[in-house]
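Descriptive structure summary
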Amino acid sequence: MATEAVGTGARSVSVLRPAPRTGPRSDAARTISAAQIRNEDVEPVCGIRLNVVRDIGKCVAWRDVMGRHLSKDVIDDVTEVAAGCDSVARACNAAVSVLHGHTGAAVDVLLLSPGQLSVVAFSGAWQAPAAVPSHYGVVGHVLATGRPAAIDDASIAYAGLHTGRPVGSVVCAPLSEPSDLPIGVLNIEFDHVVTDPVLWADELAEVGRRLRQRIDELGGPPAESREELLLRHTLGFATAHSGVQLAGMACRAAIELTGLGSATVLTRRITPPGQAQHPLRQTAAHTAAGACDLPAQVTELPTHLLSALVDAVCRHGASRTLGDPSGEDVRGFEPLVQAGVRTLLAFPVRGTAPDPRLEVAMLVMDELEVRVDPGTVTVLELLMANAAECYDRLGALHQMQALAETDPLTGLRHVGPFTEQLAAARIGRTALLVIDVDNFKQINDRLGHAAGDKVLVDLATGMRECLRKGDELFRVGGDEFVAIVDVPDDAEAVRVADRLVAAARDNGSAVSVGVALRRPAEPAEATLRRADLAMYSAKQDTQYAVCSAE
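The rules behind each value
- The residue numbering used here restarts from 1 in each chain and proceeds along that chain's sequence as written.
- The predicted nature of this model means local features are confined to residues of pLDDT at least 70 and side-chain atom pairs, given and counted, to a pLDDT of 80 or more, with totals for whole chains, interfaces and linings taken over all residues.
- Heavy atoms from the whole structure form the basis of all side-chain values; hydrogens and water molecules are not counted.
- The method works on a 1 Å grid over the protein atoms by themselves. A cavity is a set of points holding a 1.4 Å probe that cannot get out, a pocket is an open set with protein on both sides within 12 Å along at least five of seven lines, and residues with an atom within 4 Å of a point line them.
- Grid points are joined across faces, edges and corners, and a volume is the space filled by probe spheres set on the points.
- Every helix listed is a DSSP run of H or I at least four residues long, and every strand listed is a run of E at least two residues long, numbered separately from the N terminus.
- Gly falls in the polar group here, along with every residue not listed as nonpolar (Ala, Val, Leu, Ile, Met, Phe, Trp, Tyr, Cys, Pro) or charged (Asp, Glu, Lys, Arg).
- Here the aromatic set is Phe, Tyr and Trp, taking the six-membered ring for Trp, and pairing holds for ring centres within 6.5 Å; pairs whose planes are under 30 degrees apart are stacked, those over 60 apart are edge-to-face, and all others are tilted.
- Residue exposure (1.4 Å probe, protein chains only): buried if accessible area is under 20% of the type maximum, exposed if over 50%, otherwise partly exposed.
- One bridge is not enough; two strands pair if DSSP finds at least two bridges between them.
- We call two residues contacting when some pair of their heavy atoms lies within 4.5 Å.
- The angle between two axes is taken between their N-to-C directions and runs from 0 to 180 degrees, where each axis is a line fitted to C-alpha atoms and a helix contributes only its stretch in contact.
- Any Lys or Arg side-chain nitrogen found within 4 Å of a carboxyl oxygen on Asp or Glu counts as a salt bridge.
- Orientation is classified from the angle alone, with under 35 degrees giving roughly parallel, over 145 giving roughly antiparallel, 65 to 115 giving roughly perpendicular, and any other angle giving oblique.
- Definition used in this section: a nonpolar core is a set of buried Ala, Val, Leu, Ile, Met, Phe, Trp, Tyr and Cys residues joined via side-chain atoms within 4.5 Å.

Another aspect to go through is the layout of surface pockets. There is about 860 Å³ of room inside the largest pocket. What lines the largest pocket is a set of 37 residues, and nearest its centre among them are Val349, Arg350, Leu358, Glu359 and Val360. Counting only elements with at least two residues in the lining of the largest pocket, the list comes to helix H7 (243-258), strand S11 (262-269), helix H9 (303-313), strand S15 (358-366) and helix H11 (374-405). When residues in the lining of the largest pocket are grouped by element, the largest group, 8 residues, is from H11. Residues belonging to the lining of the largest pocket are distributed by class as follows: 22 nonpolar, 7 polar and 8 charged.

Within a pair of aromatic rings, the relevant descriptors are the distance that separates the centres and the angle that separates the planes. Taken as a whole and judged by the stated rule, the model has 2 aromatic pairs. Taking the centre distance of 5.1 Å and the plane angle of 65 degrees together, the rings of Phe190 and Trp200 count as edge-to-face. A residue pair is termed long-range when its members are at least 10 positions apart, and Phe190 in the loop between strand S10 (184-189) and helix H5 (197-217) and Trp200 in helix H5 qualify at 10 residues. The exposure class assigned to Phe190 is buried, which follows from its relative accessible area of 1%. Given the relative accessible area of 0%, Trp200 is considered buried.

Our focus in this paragraph is unusual backbone geometry. The backbone of Asp196 sits at a positive phi, close to 55 degrees, despite the residue not being glycine. Tracing the chain through its elements places Asp196 in the loop between S10 and H5. Unlike most non-glycine residues, Asn439 shows phi in positive territory, near 60 degrees. When its relative accessible area of 52% is taken as the criterion, Asn439 is described as exposed.

This part covers the sheet that holds S11. Strand order in this open sheet of 5 strands is S12-S11-S15-S14-S13, and the pairing throughout is antiparallel. Whereas interior strands pair on both sides, the edge strands pair on one side only; in this sheet they are strand S12 (281-287) and strand S13 (319-320). By the bridge criterion, 6 bridges tie S11 to S12 in an arrangement that is antiparallel. Residue pairing in the sheet places Ser262 in a bridge with Thr287 of S12. Sitting on the sheet, H9 is in contact with S11, S13, strand S14 (343-348) and S15, with an inclination near 105 degrees to S11.

Pairing is possible between side chains of opposite charge, provided their charged atoms come close. Tallied over the entire structure, the rule returns 29 salt bridges. Between Glu256 and Arg232 there is a salt bridge, with its nearest N and O atoms 2.7 Å apart. Taken together, the residues span a long stretch of sequence, with Glu256 in helix H7 and Arg232 in helix H6 (residues 226-237) at a distance of 24 residues. In this structure Glu256 comes out as partly exposed when scored by relative accessible area, which is 39%. Here Asp445 ties to Lys441 by a salt bridge, and the two come within 2.9 Å at their closest N and O atoms. Pair noted here: Asp445 and Lys441 are both in helix H13 (residues 440-447), with a separation of 4 residues, about one helical turn. Each member of the pair, Asp445 together with Lys441, is exposed. What you see here is one network of salt bridges that share partners, running through Lys72, Asp76, Glu177, Glu206, Arg209 and Arg210.

Another point: the sheet that holds strand S18 (residues 480-486). Here we have 5 strands laid out as an open sheet, ordered S17-S18-S16-S19-S20, and mixed in their pairing. Edge positions in the open sheet fall to strand S17 (472-475) and strand S20 (546-548), since each of these has one partner strand only. When strand polarity is set aside, the average angle formed by the axes of neighbouring strands in this sheet is 20 degrees. Here S17 pairs with S18 via 4 bridges, running antiparallel. In the sheet register, Leu473 faces S18, and the bridge partner there is Ala483. The sheet strands contacting helix H14 (residues 449-465) are strand S16 (430-437), S17, S18 and strand S19 (511-517), and the helix crosses S17 at an angle near 160 degrees. On top of the sheet, helix H15 (residues 490-506) reaches S16, S18, S19 and S20; it is set at about 165 degrees to S19, its chief contact.

Take the environment of Asp479 next. Its location among the elements puts Asp479 in the loop between S17 and S18. Separated by 42 residues in the primary sequence, Asp479 and Val437 have C-alpha atoms spaced 5.7 Å apart. With residues up to four places along the chain from it excluded, the contact list for Asp479 reads Ile435, Asp436, Val437, Phe440 and Leu456.

Turning next to the packing of H6 against H7. Helix packing for two helices is described by the angle between their axes and how far apart those axes are. Between H6 and H7, the least distance of the axes is 10 Å, while the angle of their chain directions is 175 degrees. On the basis of the axis angle, H6 is roughly antiparallel to H7. Where H6 approaches H7, its residues Arg226, Leu229, Arg232, His233, Gly236 and Phe237 are matched on the opposing element by Leu246, Met249, Ala250, Ala253, Glu256 and Leu257. Here the contact of H6 with H7 is composed, by residue class, of 7 nonpolar, 2 polar and 3 charged.

This paragraph deals with the nonpolar core. A general tendency of soluble globular proteins is for nonpolar side chains to be buried together. Counting residues in hydrophobic clusters, the biggest one holds 34 residues, and the most contacted among them are Leu99, Val109 and Leu204. Elements supplying a minimum of two residues to this core: helix H2 (72-83), helix H3 (88-103), strand S5 (106-113), strand S9 (170-174), S10 and H5. Examining the composition of this core, we find that 8 residues originate from one element, H3, more than from any other. Beyond its immediate stretch of four places on either side in the chain, Leu99 contacts Leu70, Val74, Val78, Gly104, Val107, Leu186, Leu204 and Val207. Core analysis: the next-biggest nonpolar cluster, separate from the first, contains 32 residues, Leu456, Leu467, Val487 and Val496 among them.

Function-wise, these values are silent; they only describe arrangement.
Rendered as structure tokens:
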């Protein structure tokens, strides 16, 4: 392999020219010093110019890697180039550039941040993700185990991962010392299958160890920026499944953003003008490790007093304390100070729903006097506005889901939710009661469908009211209902059925009920069939409207 020394007095780094797109690849190469990688442009080699980005050390170079590995010289080159960089980002980019120049593969460095791996350096492809989940693929496996790993042929597992770019072998190594947890991973994706990828991974582990040392020397991974934190929590809000979960996420976000010790979300129902206000209630709270549990102290205040204080601090939008309460005028806020609050940020949390049902306030507190930057207050106010929008969307989603799952005539849930509940039926504990309205067709034919609808509504109301908490009545057909009840034995299930018959009679109707308790090794669908057959038997019985299944 031909080489050319560029510069004197500096150890040289092998960087080879890109392989031609057609025809056999050439080993034509030249060497450049580590200093040149950091600071200079490389002159054209065989008519192809290798650009090295000044001060970042990003070198674009290629070679044929089939059957070759990371030599000690390449590992030393990474170490030397990273040592000349003055920031973690530059050191990672320099390491990626050297590895890409040696392998011609896509190389990336991913550093651990809350809930994800952020891509801080990448080379070898035009587009890369900003971050991936911390449990994703081989990088997540390496992060969790702290050991290097390799995939001989990832063409199937990674199929479609990149547009137009194939994936062959993948090797990945942790950024860690033997005794430390990884702070990230170093990953190489080849576009073909390489010889002995396990050896590649072992050699890459040494690169990862040295890069970790340099990152530690530079002060460790860069801290999450305010913008990154805001984005992370904004995306997190969208994953909430309930208002309580969303409020808890908002509390944790507020503590992370402000650095204060605790946060709580207080809510109350909106009342019409002229009526007494509902008291504020705590929906969620979070206290940082080692901080005083101020939410518990504040919510012990009399409800009328807490409501008045929150109304005062939220009257004009967000507000914040401006100093040590021992030296400031705290008149009107004595109860908060007595509860241990020395720093307070207060936010009304308002969405854009045209008819909101709740008034919401967030209090972010600390037992120490802290001067919070006004910009932080503004960012937190924006974050809480986003949380309010997510709550409005969550409410609309739940409303649409309820409409989709509920029978509009009777208000009972119907077949979809019933199927889910049926699948969860417990052996020896869950009884199915199939209920059919007697002579319902004659009611419709003689009195009309409006009268028939009224019969169904009255029946549904009466039967639902006689069920115990935890049991549920479903409408599964035109005049057919099923109750899923939790009982200790068949006898109790029959007693529940008797109550349903009595409730129907009180509403001027008659029903027939089939009862079946799920047996060991019996599919829930088979239990339902037995209950259905028992219901038809009850219809044939002129004396008793309830029949227990065989």
